[in-house]
Amino acid sequence: MDVYAHNRDVWDRRVAAGDIWTIPVSPEVIAVARRGVVSLLLTPTTVVPAAWYPPLPGADVLCLASGGGQQGPVLAAAGARVTVLDASPAQLARDREVAAREQLDLTTVQGNMADLSAFPDGSFDLIFHPVSNCYAPAVRPVWRECARVLRSGGALLAGFNNSVVYIFDEQALWERGEMTVRWRLPYADVDSLPPDKLASRIEQGEAVEYSHTLQDLIGGQCDAGLLIAGMYEDRWSGEGAPVLDAYFPWFIATRAVKP
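This section reports on the structure supplied with the text. (Residues numbered from 1 in each chain as written. Predicted model: local features only at pLDDT ≥ 70, side-chain atom pairs only at ≥ 80, totals over all residues. Heavy atoms only, no water.)

### Some details on the overall build of the protein
Note the following rule: Under the DSSP-based scheme used, a helix requires at least four consecutive residues in state H or I and a strand at least two consecutive residues in state E, with every element numbered from the N terminus. The reference for a compact globule is 2.2 Å times residues^0.38; the radius of gyration itself is calculated from the C-alpha atoms. A simple rule labels every residue: compare its accessible area, found with a 1.4 Å probe on the protein chains alone, to the largest value its type can have, and call it buried under 20%, exposed over 50%, or partly exposed in between. Residue burial considers only the protein chains on display, and all accessible areas are found by Shrake-Rupley using a 1.4 Å probe. Charged residues are defined here as Lys and Arg on the positive side and Asp and Glu on the negative side; His and the ends of the chain fall outside this count. Taken as the charge location is NZ of Lys, CZ of Arg, CG of Asp or CD of Glu.
When helices and strands are tallied, the protein shows 9 helices and 7 strands. Taken over the C-alpha trace, the protein has a radius of gyration of 18 Å; the compact-globule value for 259 residues is 18 Å, and the two agree within 12%. Viewed in the frame of its principal axes, the protein has a C-alpha envelope of about 50 × 40 × 35 Å. Among the 259 residues that make up the protein, the fraction classed as buried is 51%. Accessible surface computed for the protein: about 11,700 Å², of which carbon and sulfur atoms make up 53%. Where the 21 positive side-chain charges of the protein centre and where its 31 negative ones centre are 4 Å apart.

So this is what it looks like as structure tokens:
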């Protein structure tokens with residue numbers, strides 16, 4: 001199965017369906033960003049601390065697996081030179097839509113988050129990588145590529161989920177609010193689910209996901225040559241939040257700096 005192609009097509013369909021993570025920012029948000037106020041999410045609800053960003057005017061920024069017209073245009077409005085890389089052409093079209101509407105300079109590249117070969121070493125001062133590496137079979141290649149394309153002193157801002165969420169039966173969790181432990185870690189839809197369940201998930205247009213250990217998610221950044229300089233946790237919250245939101249924060253954001 002070509003997981004990359006499947007997940008690309010899933011996100012194209014989510015754009016058409018108006019998924020919350022595909023709705024472009026408003027002109028009002030861009031106007032605030034032009035005044036130097038950036039309010040972005042790496043995880044569902046907590047705003048990234050202002051101190052995590054370098055000076056944005058003139059900075060080279062890569063929004064990694066970050067299409068949808070939500071982050072790239074804001075950073076561009078704040079004065080950064082922005083490149084958005086995403087697997088989904090429809091998500092990238094959202095970024096171009098906002099850029100045209102707001103007369104912003106912004107470059108879009110369709111590609112795989114684990115393959116940044118389109119960019120030379122030391123191309124960026126900042127990488128903004130919201131929750132998305134759950135769609136990557138392995139996360140360490142993503143970190144190695146990020147470290148390669150960052151300049152010395154550059155920062156990787158990354159959001160991801162705590163892999164413990166994958167031990168629960170997803171249907172029971174979201175539909176009935178039951179925290180039923182079912183799966184062993186590491187979890188992967190393509191390996192853990194019985195063939196009929198996997199086929200049903202694909203037929204229903206669900207993305208294929210993978211769990212990653214904290215050793216790979218956090219330790220992998222260190223092993224790639226980055227230094228963890230900040231971290232916070234977050235919950236889903238809001239409408240449709242599963243019951244586990246009441247028990248622990250199941251998203252993590254990190255700021256890692258290249259020496």
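### Quick look at the packing of aromatic side chains
Test applied: Aromatic rings from Phe, Tyr and Trp, taking only the six-membered ring of Trp, are treated as a pair when their centres fall within 6.5 Å; an angle between ring planes under 30 degrees marks them as stacked, one over 60 as edge-to-face, and anything in between as tilted.
Scanning all chains against the criterion turns up 11 aromatic pairs. Judged by centre distance (6.2 Å) and plane angle (75°), the ring pair of Trp-11 and Tyr-135 falls under edge-to-face. Here the residue Trp-11 occupies a position in helix 1 (residues 3–17), and Tyr-135 occupies one in the loop between strand 4 (124–129) and helix 5 (140–149), the gap between them amounting to 124 residues. Ring geometry for Trp-236 against Phe-251: centres 6.2 Å apart, planes inclined by 35°, an arrangement best described as tilted.

### Some points on the nonpolar core
Quick reminder of the rule: Only buried residues count toward a nonpolar core, which is a set of Ala, Val, Leu, Ile, Met, Phe, Trp, Tyr and Cys residues joined through side-chain atoms within 4.5 Å.
Residues Tyr-53, Val-61, Leu-75, Val-82, Phe-128 and Leu-157 are the most contacted members of the largest nonpolar core, which totals 33 residues. Looking at this core, the elements with two or more residues in it are helix 2 (27–34), strand 1 (60–64), helix 3 (72–77), strand 2 (81–86), helix 4 (89–102), strand 4, strand 5 (150–161) and strand 7 (251–257). By residue number, the principal contributor to this core is helix 3, which donates 4 residues. In terms of nonpolar packing, the next biggest core, distinct from the first, is built from 24 residues, Ala-65, Val-139, Val-142 and Phe-160 among them.

### Some remarks on the sheet that holds strand 5
This is how it is decided: Strands are labelled as partners when DSSP assigns at least two bridges between them. For helices, the fitted line uses only the C-alpha atoms of the stretch in contact; every axis is such a line through C-alpha atoms, and the angle between N-to-C directions lies from 0 to 180 degrees. Two residues form a contact once any of their heavy atoms are found within 4.5 Å.
Read across the open sheet, the 7 strands follow the order 3-2-1-4-5-7-6; overall the sheet is mixed. Looking at which strands have only one partner, the edges of the open sheet turn out to be strand 3 (106–110) and strand 6 (227–234). Strand-to-strand twist of the sheet, defined as the mean angle between neighbouring strand axes without regard to direction, takes the value 15°. Here strand 6 runs beside strand 7; their pairing, made up of 7 bridges, is antiparallel. The residue of strand 7 that forms the bridge with Ile-228 is Ala-256. Set on the sheet, helix 4 makes contact with strand 2 and strand 3; between it and strand 3 the angle comes to about 175°. Lying over the sheet, helix 5 contacts strand 1, strand 4 and strand 5, oriented at roughly 150° with respect to strand 5.

### Re the pairing of strand 4
Selection criterion: When the strands point away from the viewer, a crossover counts as right-handed if the path from the first strand over the helix to the second runs clockwise.
The element strand 4 is largely enclosed, with a buried count of 5 among its 6 residues. When strand 1 meets strand 4, the two strands line up parallel, connected through 3 bridges. Pairing of Val-61 across the sheet is with Leu-126, part of strand 4. Note: strand 4 against strand 5, 5 bridges, orientation parallel. Within strand 5, the position partnered with Phe-128 by the bridge is Leu-157. After leaving strand 4, the chain enters helix 5 and then returns to the sheet as strand 5, a path that is right-handed.

### Observations concerning helix 4
The cut-off we apply is this: The length a helix should cover is 1.5 Å for every residue beyond the first.
The first and last C-alpha atoms of helix 4 sit 20 Å apart over 14 residues, in line with the 20 Å expected at 1.5 Å per residue. Among all positions of helix 4, only Ala-90, Gln-91, Leu-92, Asp-95, Val-98, Ala-99 and Glu-102 are buried. Packing partners of the buried residues in helix 4 comprise helix 1, helix 2, helix 3, strand 2 and strand 3. Just beyond helix 4, the residue with positive phi is Gln-103, at close to 55°.

### Side note on the pairing of strand 7
Where burial is concerned, most of strand 7 is hidden: 6 out of the 7 residues are buried. Examined bridge by bridge, strand 5 and strand 7 share 7 bridges and lie antiparallel to one another. Looking at strand 7, one finds that Leu-157 is bridged to Arg-255.

### Points about the pattern of salt bridges
For the record, the criterion: Salt bridge, as applied in this entry: a Lys or Arg side-chain nitrogen positioned within 4 Å of an Asp or Glu carboxyl oxygen.
Applying the stated criterion across every chain, the model contains 15 salt bridges. One salt bridge in this structure joins Asp-60 and Arg-151, with 2.9 Å as the shortest N-O distance. You can see Asp-60 sitting in strand 1 and its partner Arg-151 sitting in strand 5, a full 91 residues away along the chain. Overall, Asp-60 belongs to the buried group, its relative accessible area being 13%. Look at Arg-151 and you get partly exposed, because its relative accessible area is 29%. A salt bridge links Arg-151 to Asp-125; the shortest N-O distance between them is 3.0 Å. Residue Arg-151 is located in strand 5, and its partner Asp-125 is located in strand 4; the two are separated by 26 residues in the primary sequence. The structure contains a network of salt bridges with shared partners spanning Asp-60, Arg-81, Asp-125 and Arg-151.

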